[in-house]
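Notes for the structure review
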Amino acid sequence: MSWRKDQGRAERGYHHGNLKEALLQAALDLITKKGPAGFTFADAARMAGVSPAAPYRHFRDRDELIASIAQRGFEQFESLLTQAWDDGRPDTVSAFERVGKAYLAFAREEPAFYSAMFESGLPIDSNPTLMAASERAFAIIRAAAERLAALAPPGTPRPPAMMMALHIWSMSHGVASLFGRGDAARRKLPMSPEELLEAEVLIYLRGLGFRTDRRPAATAAADDDKPAGPWGKPK
């Protein structure tokens, strides 16, 4: 399910049969306009067309409202990354590249969810449901990192998969936050965010000893005696 700004607005003109969903949509709109810290609980109620006391029927406070949005964001994020990863088909490298593009696409297309998930300052450890949703999304990145680590060239120490997952996640998050956003926070650069992330990952893997050259099939066949890496002969 993808939430958009125009969803739920038809419901706001009356006393809602679905107040919770109207409040969530109102908060998403406010996050888009003001950021996750730029509005109050009363603002969300006003935008949903209800009294300031009405939100307390469903949410303890503003943080719980934003946490609910963040949870839904992580659930969508997990679904998108899972589809992109596709259990590493047709090969680890291609699937991994899709995961990176999906990460950037989510930040660009769902900036309000992205802000609630990563920029709200919520203590995620104190919310087990939100924490579990976050961990399920990160598990996709870790699965990709484990497959990449398994492709370490012979004679090269295999890097810890968790370390790779955290490093790659940090790079993806940095590019998404600075350059891949769909809102006014996006920075300008002379290349696409996807190209920037690919270059970063190539440099990172090269530093770990992976081969990062992409060669035509004929050239690759001539070098079959050489060790294969993620960007050499995909497995």
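Residues numbered from 1 in each chain as written. Predicted model: local features only at pLDDT ≥ 70, side-chain atom pairs only at ≥ 80, totals over all residues. Heavy atoms only, no water.

Under an unreviewed UniProt entry, the name given to the protein is TetR/AcrR family transcriptional regulator, and the organism recorded is Bradyrhizobium septentrionale.

Here we take up the side chain of Asp29. Its place among the elements puts Asp29 in helix H1 (residues 19-34). Among the polar contacts made by the side chain of Asp29, one reaches the side chain of Gln25 at a distance of 3.0 Å. (Helix = DSSP H or I, 4+ residues; strand = E, 2+ residues; numbered from the N terminus. Polar contact = N/O pair within 3.5 Å; in protein donor to acceptor, adjacent residues only side chain to side chain.)

Time to look at the UniProt feature "DNA-binding region" (unreviewed entry) in the protein. On the UniProt side, "DNA-binding region" (unreviewed entry) is annotated at positions that read residues 40-59 here. Across residues 40-59, helical content stands at 40% and strand content at 0%; the span's end C-alpha atoms are separated by 13 Å. (UniProt positions renumbered as here; feature names shortened; annotations may be inferred.)

With that settled, consider the pattern of salt bridges. Counting across every chain of the model gives eleven salt bridges. Residue Arg147 is joined to Asp87 by a salt bridge in which the shortest nitrogen-to-oxygen separation is 2.9 Å. Remark: Asp87 occurs in the loop between helix H3 (62-85) and helix H4 (92-109) and Arg147 occurs in helix H6 (residues 128-150); sequence separation between them is 60 residues. Residue class for Asp87 comes out partly exposed when judged on its relative accessible area of 44%. Beyond isolated ion pairs, a larger network of salt bridges with shared partners links Asp86, Asp87, Arg89 and Arg147. (Salt bridge = Lys/Arg side-chain N within 4 Å of Asp/Glu carboxyl O. Buried < 20%, exposed > 50% of the residue type's maximum accessible area, 1.4 Å probe, protein only.)

Further remarks concern the confidence of the model for the protein. On average, residues of the protein score 84 in pLDDT, and 82% of them are at 70 or above. At the low end of the mean pLDDT range in the protein sits helix H9 (residues 217-222), at 40; at the high end sits H3, at 97. In this model residues 1-15 is a low-confidence stretch, pLDDT under 50, and it forms 30 contacts with partners more than four residues away in sequence or in other chains. Segment residues 215-235: pLDDT under 50, and 39 contacts once partners within four positions in sequence are set aside and those in other chains are kept. (pLDDT = per-residue confidence, 0-100. Contact = heavy atoms within 4.5 Å.)

The interhelical angle for the contact between H4 and helix H8 (residues 193-207), taken along N-to-C directions, is 135°, at an axis separation of 10 Å. Judged by the angle between their axes, H4 and H8 are oblique. As H4 packs across H8, the resulting crossing turns out to be right-handed. Every residue of H8 that contacts H4 at Phe96, Glu97, Gly100, Lys101, Leu104 and Arg108 is listed here: Pro193, Glu194, Leu197, Glu198 and Val201. (Axes fitted to C-alpha atoms, helices over the stretch in contact; angles between N-to-C directions. Parallel < 35°, antiparallel > 145°, perpendicular 65-115°, else oblique. Left-handed = near helix turned anticlockwise from the far one by under 90°.)

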